2 protein chains.
Amino acid sequence: MAPQLDGYFKQVDTLSDHFIERLRKAVAIPSVSADEERRPDVVRMGEFLADELSALGAQVEKRPLGKQPGKEHLELPPVVIARYGNDKNKRTILVYGHYDVQPAGKEDGWATEPFELTVDDKGRMYGRGSTDDKGPVLGWLNAIEAHQKAGVDFPVNLLMCFEGMEEYGSEGLDDFIKAEADKYFADADAVCISDNYWLGTEKPCLTYGLRGCSYYSVEVSGPGQDLHSGVFGGTAQEPMTDLVRILGSLVDTHGKIQIPGLAELVAPLTDDEKSLYGNIAFEMSNLYESLGSETSIHPDKEKTLMARWRYPSLSVHGIEGAFSQPGAKTVIPAKVIGKFSIRTVPNMEPEDVDRLVFKYVDEQFKNLGSKNTLNCTLQHAGKWWVASPKHWNFSAAAKAVERVWGVQPDLTREGGSIPVTLTFEQATGKNVLLLPMGSSTDAAHSINEKLDKRNYIEGIKLLGAYLHYVAEEPMSN
Amino acid sequence: MAPQLDGYFKQVDTLSDHFIERLRKAVAIPSVSADEERRPDVVRMGEFLADELSALGAQVEKRPLGKQPGKEHLELPPVVIARYGNDKNKRTILVYGHYDVQPAGKEDGWATEPFELTVDDKGRMYGRGSTDDKGPVLGWLNAIEAHQKAGVDFPVNLLMCFEGMEEYGSEGLDDFIKAEADKYFADADAVCISDNYWLGTEKPCLTYGLRGCSYYSVEVSGPGQDLHSGVFGGTAQEPMTDLVRILGSLVDTHGKIQIPGLAELVAPLTDDEKSLYGNIAFEMSNLYESLGSETSIHPDKEKTLMARWRYPSLSVHGIEGAFSQPGAKTVIPAKVIGKFSIRTVPNMEPEDVDRLVFKYVDEQFKNLGSKNTLNCTLQHAGKWWVASPKHWNFSAAAKAVERVWGVQPDLTREGGSIPVTLTFEQATGKNVLLLPMGSSTDAAHSINEKLDKRNYIEGIKLLGAYLHYVAEEPMSN
Ligand SMILES: [Zn+2]
Ligand SMILES: [Zn+2]
Ligand SMILES: [Zn+2]
Ligand SMILES: [Zn+2]
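Scoring rules and cut-offs
- Residues numbered from 1 in each chain as written.
- Chains lettered and ligands numbered in written order.
- Predicted model: local features only at pLDDT ≥ 70, side-chain atom pairs only at ≥ 80, totals over all residues.
- Heavy atoms only, no water.
- Helix = DSSP H or I, 4+ residues; strand = E, 2+ residues; numbered from the N terminus.
- Rg over C-alpha atoms; globule rule 2.2 N^0.38 Å.
- Buried < 20%, exposed > 50% of the residue type's maximum accessible area, 1.4 Å probe, protein only.
- Contact = heavy atoms within 4.5 Å.
- Lys, Arg positive; Asp, Glu negative; His and termini not counted.
- Charge placed at Lys NZ, Arg CZ, Asp CG, Glu CD.
- Polar contact = N/O pair within 3.5 Å; in protein donor to acceptor, adjacent residues only side chain to side chain.
- Donors = N, O, S within 2.8 Å, 3.2 Å for Na, K, Ca; no water.
- Tetrahedral: all angles 85-135°; square planar, octahedral: opposite > 155°, others 65-115°.
- Salt bridge = Lys/Arg side-chain N within 4 Å of Asp/Glu carboxyl O.
- Nonpolar A, V, L, I, M, F, W, Y, C, P; charged D, E, K, R; others polar.
- 1 Å grid on protein atoms, 1.4 Å probe; cavity = no way out; pocket = protein on both sides within 12 Å on 5 of 7 lines; lining within 4 Å.
- Points joined across faces, edges and corners; volume = space filled by probe spheres on them.
- Pairing = 2+ DSSP bridges.
- Axes fitted to C-alpha atoms, helices over the stretch in contact; angles between N-to-C directions.
- Parallel < 35°, antiparallel > 145°, perpendicular 65-115°, else oblique.
- Left-handed = near helix turned anticlockwise from the far one by under 90°.
- UniProt positions renumbered as here; feature names shortened; annotations may be inferred.

A. Focus on the overall build of chain A. Along its length, chain A carries 14 helices and 20 strands. What you see for chain A is a C-alpha radius of gyration of 24 Å, in line with the 23 Å of a compact globule of 477 residues. Counting only C-alpha atoms and orienting by the principal axes, one finds that chain A spans roughly 85 × 55 × 45 Å. Among the 477 residues that make up chain A, the fraction classed as buried is 60%. For chain A, long-range pairs separated by at least 24 residues make up 80% of all intrachain contacts whose partners lie at least 6 apart in sequence. Positive and negative side-chain charges in chain A, numbering 50 and 69 respectively, have mean positions lying 1 Å apart.

B. Quick peek at the environment of B:W392. All names here are of chain B. As for its placement among the helices and strands, W392 is situated in helix α12 (residues 392–405). Separated by 202 residues in the primary sequence, W392 and A190 have C-alpha atoms spaced 9.2 Å apart. There is a polar contact of 3.3 Å between the side chain of W392 and the side chain of H391.

C. View of the coordination of the zinc ion (ligand 3). Residue and element names in this part refer to chain B. Summarising the metal site, the zinc ion (ligand 3) is bound by the protein donors H98 (NE2), D132 (OD), D195 (OD) and D195 (OD), whose distances to it range over 1.9 to 2.7 Å. Between the 4 donor atoms coordinating the zinc ion (ligand 3), the angles at the centre fall across 52 to 147°, so the site counts as irregular. Taken in sequence order, the residues that donate to the zinc ion (ligand 3) follow the motif H-x33-D-x62-D. Separating the zinc ion (ligand 3) from the zinc ion (ligand 4) is a gap of 3.2 Å, which D132 spans by donating to each of them. In this pair, D132 is assigned in helix α4 (residues 130–150) and D195 in the loop between β9 (190–193) and β10 (205–210), connecting sequence segments 63 residues apart. Of the two residues, D132 and D195, both sit in the buried class.

D. Quick peek at the coordination of the zinc ion (ligand 2). Residues and elements named next belong to chain A. Those protein atoms acting as donors to the zinc ion (ligand 2) are D132 (OD), E167 (OE), E167 (OE) and H445 (NE2), and they sit at 2.0 to 2.7 Å. With 4 donor atoms in place around the zinc ion (ligand 2) and angles of 53 to 135° between them, the coordination shape is irregular. Sequence spacing of the donors to the zinc ion (ligand 2): D-x34-E-x277-H. Between the two metal centres, the zinc ion (ligand 2) and the zinc ion (ligand 1), the spacing is 3.1 Å, with D132 acting as a shared donor. A residue pair is termed long-range when its members are at least 10 positions apart, and D132 in helix α4 (residues 130–150) and H445 in the loop between β19 (432–434) and β20 (450–452) qualify at 313 residues. What makes H445 partly exposed here is its relative accessible area of 44%.

E. Seen up close, the interface of chain B and chain A. In this assembly, 78 residues from chain B lie in contact with 77 residues from chain A. For the interface between chain B and chain A, the tally reads 0 salt bridges. At the surface where chain B touches chain A, the tally comes to 49 residue pairs in polar contact (both at pLDDT 80 or more). A per-element tally of the side of chain B that touches chain A places strand β13 (residues 313–320) of chain B first, with 8 residues. Tallied by class, the residues present in the side of chain B that touches chain A amount to 26 nonpolar, 40 polar and 12 charged.

F. Representation of empty space enclosed by the protein. Overall, the coordinates contain 3 cavities of 30 Å³ or more when judged by the stated rule. Roughly 80 Å³ of volume is contained in the largest cavity. If you go around the largest cavity, the residues you meet are A:G234, A:A236, A:Q237, A:E238, A:T241, B:V251, B:D252, B:T253, B:G255, B:I297, B:S313 and B:L314. A per-class count over the lining of the largest cavity returns 4 nonpolar, 6 polar and 2 charged. Around the second largest cavity sit A:V251, A:D252, A:T253, A:G255, A:I297, A:S313, A:L314, B:G234, B:A236, B:Q237, B:E238 and B:T241, which together line it. Within the lining of the second largest cavity, the residues separate by chemical class into 4 nonpolar, 6 polar and 2 charged.

G. Main features of the side chain of A:T423. All names here are of chain A. Structurally, T423 is set in helix α13 (residues 419–428). Since its relative accessible area comes to 7%, T423 is described here as buried. When near neighbours in sequence (up to four residues on either side) are disregarded, T423 contacts D174 and I177.

H. Molecular detail of the sheet that holds strand β16 (residues 373–382) of chain B. Residue and element names in this part refer to chain B. If you trace the 4 strands from one edge of the open sheet to the other, you get β13-β15-β11-β16, paired in antiparallel fashion. Pairing within the sheet leaves two strands with one partner each, and these edge strands are β13 and β16. Each strand axis lies, on average, 20° off the axis of its neighbour in the sheet, ignoring direction. Relative to strand β15 (residues 335–344), β13 runs antiparallel, the two being bridged by 7 bridges. Along β15, the bridge assignment pairs E320 with I337. Here helix α11 (residues 350–368) sits on the sheet and contacts β11 (212–221), β15 and β16; the angle it forms with β16, its principal contact strand, is near 160°.

I. Focus on the environment of B:G369. Here B:G369 is to be found in the loop between α11 and β16. When the C-alpha atoms of B:G369 and B:L49 are compared, they prove to be 60 Å apart, with 320 residues separating the residues in sequence. Discounting chain neighbours no more than four positions away, the residues touching B:G369 are A:T253, A:H254 and B:Q237.

J. Expanded view of the packing of helix α3 (residues 39–55) of chain A against α4(A). Residues and elements named next belong to chain A. In contact at an axis separation of 10 Å, α3 and α4 are set at 20° when each is read in the N-to-C sense. With respect to α4, the axis of α3 lies roughly parallel. In this structure, α3 meets α4 at a crossing whose hand is right-handed. Between α3, through M45, F48, L49, E52 and L53, and α4, the contact on the second element is made entirely by K134, V137, L138 and L141. Broken down by class, the residue content of the contact of α3 with α4 amounts to 7 nonpolar, no polar and 2 charged.

K. Main features of the UniProt feature "binding site: Mn(2+) 2" (unreviewed entry) in chain A. All names here are of chain A. Under the present numbering, the feature "binding site: Mn(2+) 2" (unreviewed entry) in UniProt falls on H98, D132 and D195. On the basis of their most widely separated C-alpha atoms, the annotated residues across 98 residues gather in one place, lying no more than 8.2 Å apart. Discounting chain neighbours no more than four positions away, the residues touching D132 are H98, D100, V101, E167, D195, Y197, A444, H445 and E449. Ignoring anything within four residues of it in the chain, the contact list for D195 reads Y96, H98, D132, D133, E166 and I418. Polar contacts involving the side chain of D195 include one to the side chain of H98, which spans 3.3 Å.

L. How the structure looks around the sheet that holds β20(A). Residues and elements named next belong to chain A. Judged by pairing direction, the sheet is antiparallel, and its 3 strands sit side by side in the order β6-β7-β20 without closing on themselves. Looking at which strands have only one partner, the edges of the open sheet turn out to be β6 (118–119) and β20. Sheet topology note: the strand β7 (residues 124–126)/β20 ladder contains 3 bridges and is antiparallel. Residue pairing across strands places R124 opposite D452, the latter belonging to β20. Each of β7 and β20 is contacted by helix α14 (residues 453–472), which is oriented at about 65° to β20, the strand it contacts most.

Encoded structure:
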């Protein structure tokens, strides 16, 4: 029997101005985790959340994470964890979000004050953190409040985990999640994260996969110090000459990675999987718009989505140690460090990728016959993640989307990574669902970040509806 | 008949402390031309020179050069021109030097105060400008004074041209030289510039050639803005991918330029020229010491010197617009600009070099089949210069070296450029000689710049002796 949601939905509409005020208060706290001087604001934002949760009747704890690695004078902001409901007859759903935000300043080119929520006549609510991730985090609180005011029984026990360092590498969180997996998070039946975006602007989606990322440095060094090209050009082997040749050997213009063995690690495309791509609401014009050009690798939608979601890619990001300013400088840099990364997909094990990369780069360098010194290292690796979109956690969410938005959601993956997703899956052993609230035009991490009022209010309905459906969905998979 | 120089030489020795004091006063004026706030010091240095020259009986003028291009509030420092002697029966020699210096600060790592001449127990005189170029400039003044005090007739009419912007591109000087070629400089019979260095530390040299430099930018652009490699990796053609492939196609590890036609522009090596290299005082250990490594292209001295002096070289300097900081950033840069330059030699006409470079880079880019946009441009070009070392100006200088130092000078070229050399040659139509005072260890442009007391005092003798020999050398060539 479909859940009775009309009273809840109506209450959300009634409280919509109140919910926007709550978001306004949250956006007004500049909880920038990357900025040491803003740390008190991050802490204040955690307290705001904890206070709101307490007022709603949740049991709240602020868990310290210790000092920030490399900055021993600086305390990490606490993880705010909370439980709402403790009924053995109900399922328990664990949700995650983050209350810190990216840096923002009017001087970067914002049209409005970044830490003042500004709603325009099209219902676009501008402000840093509006969509990433204060809107979705408050979505859970708003769902609780609307249930209370509508007099609708809350369908699940809700475990919440809100961190304050996501935009700065989630310092300390992995260990915390692992440590609490069989304690605070022990009775979670499924996990839901609302911290990503629709593929477009009109159609909601559920996200079941993320690519991983292995980031490499390749250093070439030779001379004892930078040299003048007039004096030494033609007599010294130049590290830059070697480095651009190595970087130029990694991938071609059409995205084909040149490292032998890498393609063989990729899971073959099944007919079943291939059939998913045709119906996704995405056009090449969407890509061109977000690219700001038509310089795409693939001519069609399916190849483009597969290239983003289920095939690896290699990008060369830049070079450290070379001349990088405007103008002209006749330097021969003594030591240059190329940076490149590979987006990884099933079934590429990070260790296998490292092995193939190091072997290939070494071979390329040996072929140069250079007297310079090469050093290729892994800077960091985050593994890809793929969940089964047929799990009851996803089918419940799909029903909720259909109920709120009147359409079946697209099943999508993302090209980027959200490392905490894999951590929750591995630590709890439970299915993780990514359930986005905002749309592709929200400009998270950019200037003029916004969340559409429609996505916020309907999103609150969706989060609540999801909890109702997931409470009673038959536990298949 | 060899000139009678003993009285002059003795007087130079007698006045050596006085000459060092003159250098001390000059070094104490921080005439940094690159630093707008030091402009009054540059002007003060020009006045110091003019006053000293006037006191020696020279006719001095301070010629204004107008406003500094791009900085219309800033007056360029004047060119100090002077004439000492106006005897129709004597030859007229035009000498050039510069009274401005490179920036310097104790905080850069200087062991002493950069603007206080500090003489150590080995006679090394540390101070910014000591060797580049205040020592040599004062050398001409000291030679005049020593002649006067020794009662030795000055052998030539001396025309002097001392500029104050050499370390910042010699703004305004080219036009001035061209304009004065048939006026102030009209009766010059030969030109001498003392603003470079010995090849080593023990053997003096005369320099008869400089390489030119053609500096290029190669820009590749595509997307409308920087992209995130998670979202766009594998779907967008990346400008960096194209650029590193183009930069990697320009030159190999062994210095071989890959641009067809360029090698054919180079003047063939004659047996006559080849024979010059064997006797040059230079060892591979000198190269390794200055490189700070043994990562040389060539295994022997002759090939190394030819590669520096008479063959072109290509260096990749860096990339503008890519990620250049330490750490990791997963950016796909939207527009990247590679910088490279070619050191040019006889008979490479800069226009021919441009044509071959543009053609090759265009072809390489076309071969990539990229949708991105390429734009390769010349940033600036300075032409190579080679004089005949058999000209009477050089043979006179060689005799002076032998008289002062007791050895025949090496005939050298330089790998770098001194653009004013070519300007003087073209404007006056006269032979130009580079007659260095300092040695290879003087660290011009670096911290701890110095001039050895021996090089200064014997250098003053050399400049005076040169004027005697050049006054009577038979005018061959
Ligand atoms: Zn986020
Ligand atoms: Zn974010
Ligand atoms: Zn100089
Ligand atoms: Zn200089």
